[in-house]
Amino acid sequence: MKNYLVAAALVGALAAGGAQAQTIYSNDFDGNVVTGSGVTVTSANASGTGTALSGSWNAAGWDGTFLQNASISPITVTEFSFSGLGAHSGISLGGVLGFLQSWDSSNGGPYTPDFLEILIDGTLAARFTANNASGTNTAAAGGNIIAFHDQTDSNLAYSDTLIDFTGSPWATFAHTGSSLTIAFRAAGSGWQGGTDESWGLDSFKVTAVPEPASWAMMIGGFGLAGAAIRRRRSKLALA
C-alpha cells in the first residue's frame, strides 16, 4: 500500500505541475538568462540598456539594468525569435514595461499619440500608452500599473510609468508551433524617441504549457504502475 500511495502522490504532483508553465526563455537583463532545453533564441535591437532607480517596483521586477529602446527614425523594433520549441498547447508571456520620459498618451499634445505595441508572430496583440507629459489616457492593456509618474530610471527630466503585463488576458494564448516571435515597437505620429522618450523591458519571461495529451499519457502510465502494485500485493496476500 505504501508504494501505491507514493505513486498516487507522484501522479497528483505531476497533474498539478501540468498546470504550470515550463520556461522557454527568461532574461532580467542583468546577465541572468535562462533558455529552455533545445530552444534557440535570436534577437534584434535588444542590446541597449538603462539603469533602474530604487523603489517599490524593484520587488516587482524592475531593477538593476533593463532593456531600453529609444530609437527615433526609423523606429527600430526589438524582436525575440524562438525556434526548437517542444510539444506544447499554449504560451504565456510576462515582464515589466517602462514608459520612460515624456510620453504624450493618445490624446496629449502637440506630440501625440505615443504607443508601444506588442506583436505575436507578426500580429498585433496589445497596445499601450502613458500620459507622463501630456494627455489623460494611460492604457495598460490588462496589465498592472506598478509605478505611475515616478522616477524609475536615471533620466530625471520626466516621470515614468511601469506596467507589469504578466497575467494580462492577451499574454496567454494557444500556440502549438515549434517557432515563435515576440516583437516590441514604438508607434504613433507623436513618437520622438531619443532622450525625450523611450521604452524599457525588464524581467521578460516566455513559458509554455505542455500538451494535455502528454500529461495524460504520463499520468496514465503512473496509474497503470499503481494498478500493477495493487495486483502484486493481492497475489502475495493470497499466497
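Higher on the page you've got the structure.
Note that this is a predicted model, so its numbers are computed, not measured.

Enquirer: Please explain the pattern of salt bridges as it appears in this structure.
Expert: Once their charged atoms are close, side chains differing in charge can pair, the charge on each being opposite to the other. Under the defined criterion, the tally for this structure stands at 2 salt bridges. Between Glu 117 and Arg 127 there is a salt bridge, and its shortest N-O distance comes to 2.5 Å. Of this pair, Glu 117 sits in strand E8 (residues 115–120) while Arg 127 sits in strand E9 (residues 123–128), and the two are 10 residues apart along the sequence. Judged by its relative accessible area of 4%, Glu 117 falls in the buried class. Judged by relative accessible area, Arg 127 falls into the partly exposed class, the value being 41%. We note a salt bridge from Arg 185 to Glu 117, for which the minimum N-O separation is 2.7 Å. One end of the pair, Arg 185, is in strand E13 (residues 179–187); the other, Glu 117, is in strand E8, and 68 residues separate them in sequence. Linked by salt bridges that have partners in common, Glu 117, Arg 127 and Arg 185 make up one network.

Enquirer: Can you help me understand the layout of surface pockets in this one?
Expert: Space left empty within the atom packing is revealed by a probe, the size of a water molecule, rolled over the atoms. Computed from the structure, the largest pocket encloses a volume of approximately 170 Å³. The wall of the largest pocket is formed by 13 residues, among which Gln 22, Thr 23, Ile 24, Gly 86 and Ala 208 lie closest to the centre. Elements with a contribution of two residues or more to the lining of the largest pocket: strand E1 (22–27) and strand E14 (197–209). Looking at the lining of the largest pocket element by element, the count peaks at 3 residues for E1.

What counts, and at which threshold
Residues numbered from 1 in each chain as written. Predicted model: local features only at pLDDT ≥ 70, side-chain atom pairs only at ≥ 80, totals over all residues. Heavy atoms only, no water. Salt bridge = Lys/Arg side-chain N within 4 Å of Asp/Glu carboxyl O. Helix = DSSP H or I, 4+ residues; strand = E, 2+ residues; numbered from the N terminus. Buried < 20%, exposed > 50% of the residue type's maximum accessible area, 1.4 Å probe, protein only. 1 Å grid on protein atoms, 1.4 Å probe; cavity = no way out; pocket = protein on both sides within 12 Å on 5 of 7 lines; lining within 4 Å. Points joined across faces, edges and corners; volume = space filled by probe spheres on them.

Nothing here speaks to function; it is all geometry.
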